[in-house]
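So the chains spell out like this:
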Amino acid sequence: MPRLGVNIDHVATLRQARGGNLPDPVYAAFLAEQAGAQSIVAHLREDRRHIQEQDIKLLRKKISTKLNLEMSVAPEILNIACAIRPDQATLVPERRKELTTEGGLNVAANLKIISGAVKKLKASNIRVSLFIDPDKKQVNAARKTGAEIIEFHTGRYALAKNSREKEKFFNELKRAVDFARTQGITVGAGHGLDYANVRRIAGIKGIEELNIGYSIIAKALYVGLFAAVKEMRELVR
């Protein structure tokens, strides 16, 4: 069964709305682990709109599972990652005006830059994942960078307008997972997954980890974070 990574960015979003110390994303990470999360995901964006550098430092010290740092290839962020040394760095595209990550990295078009970032991170003993669309061309490019892991962007499946689109994007994802596995690449998936759509994705053979954040944090407002993570863990299981 896939492992569950819980993204805690939006706990920090709520904290930053008032500029105080609460809610604490590090304590949220602790609760998520207690409820069954097998990794903690946090995105240190260049504009620092939610997670801050200090959060990553504390997470590195406090959590007992894997720390997966989502990040751009900006030199400043690369230097921070190499200093803090998360267990895994997931390279994602980043635009200042986007509400959330809108698609996968175009690795094929930026092979030199991304390969350089992968090499720098691996030199600090950090495992590297690339967040890409489920596309054979991008899988081949990801393999050339030396990254050990890819995470497929599931947004098109999650946001499909009708059952025909949903089936199309599900099959696209399944084929991409099958292909990536033939290339010896570890496969994860995430973006837009929630309590209604996650079970089918979790059932795709070859996906080893699902990273989910917004839907869990949203549900936690009603039932608490421990219960929200526990329910998602059971659905993935």
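First, a word on what this report is: a plain description of the structure on this page. It should be emphasised that the depicted structure is a prediction, and the values quoted were computed from it without experimental measurement. The numbering scheme is per chain: residues are counted from 1 as the chain's sequence reads. Given that this is a predicted model, residues contribute local features only at a pLDDT of at least 70 and side-chain atom pairs are listed and counted only at 80 or more, while totals for whole chains, interfaces and linings are drawn from all residues. To get the side-chain values, all heavy atoms of the structure are used, and hydrogens and water are removed first.

A look at the environment of N211
Stage number 1. For N211, the position within the fold is in strand β8 (residues 207-212).
Stage number 2. C-alpha of N211 to C-alpha of N68: the two residues are 143 residues apart in sequence and 9.7 Å apart in space.
Stage number 3. Contact between two residues is taken to exist if any of their heavy atoms lie within 4.5 Å; hydrogens are not considered. The residues touching N211, leaving out its near neighbours within four places in the chain, are G5, S39, V41, N68, E151, A189, G190 and H191.
Stage number 4. Only 3.2 Å separates the side chain of N211 from the side chain of E151, close enough to count as a polar contact. Going along the chain from the N terminus, every DSSP run of H or I of four or more residues is numbered as a helix, and every run of E of two or more is numbered as a strand. Under the rule applied, a polar contact is a pair of N or O atoms within 3.5 Å (in protein, one hydrogen donor and one hydrogen acceptor; residues adjacent in sequence only if both atoms are side-chain atoms).

Looking at the sheet that holds strand β2 (residues 39-43)
Stage number 1. Paired strands, as defined in this entry, are two strands with at least two bridges between them according to DSSP. Overall, parallel pairing links the 8 strands, which are arranged β1-β2-β3-β4-β5-β6-β7-β8 in a closed barrel. Within the sheet, the average angular offset between the axes of one strand and its neighbour, ignoring direction, is 25 degrees.
Stage number 2. Inspection of the sheet shows strand β1 (residues 3-7) paired to β2 by 3 bridges, in the parallel sense. Across the sheet, residue G5 finds its bridge partner in β2, namely S39. Every axis in this analysis is a line fitted to C-alpha atoms, fitted for helices over the stretch in contact. Angles between the N-to-C directions lie between 0 and 180 degrees.

Details of the environment of Y214
Stage number 1. Inspection of the secondary structure puts Y214 in helix α10 (residues 214-223).
Stage number 2. Burial status follows relative accessibility: with a 1.4 Å probe on protein chains alone, a residue under 20% of its type maximum counts as buried, one over 50% as exposed, and anything between as partly exposed. Note on Y214: relative accessible area 62%, which makes it exposed.
Stage number 3. Sequence separation between Y214 and H10 is 204 residues; the distance between their C-alpha atoms is 6.7 Å.

Some thoughts on the side chain of T154
Stage number 1. The topology assignment puts T154 in the loop between β6 (149-153) and α7 (155-158).
Stage number 2. Residue classification places T154 among the buried residues on the basis of a relative accessible area of 2%.
Stage number 3. A distance of 3.0 Å separates the side chain of T154 from the backbone oxygen of G190, its partner in a polar contact.
Stage number 4. Apart from the residues lying within four places of it in its own chain, the contact partners of T154 are L173, A189, G190, H191 and L193.

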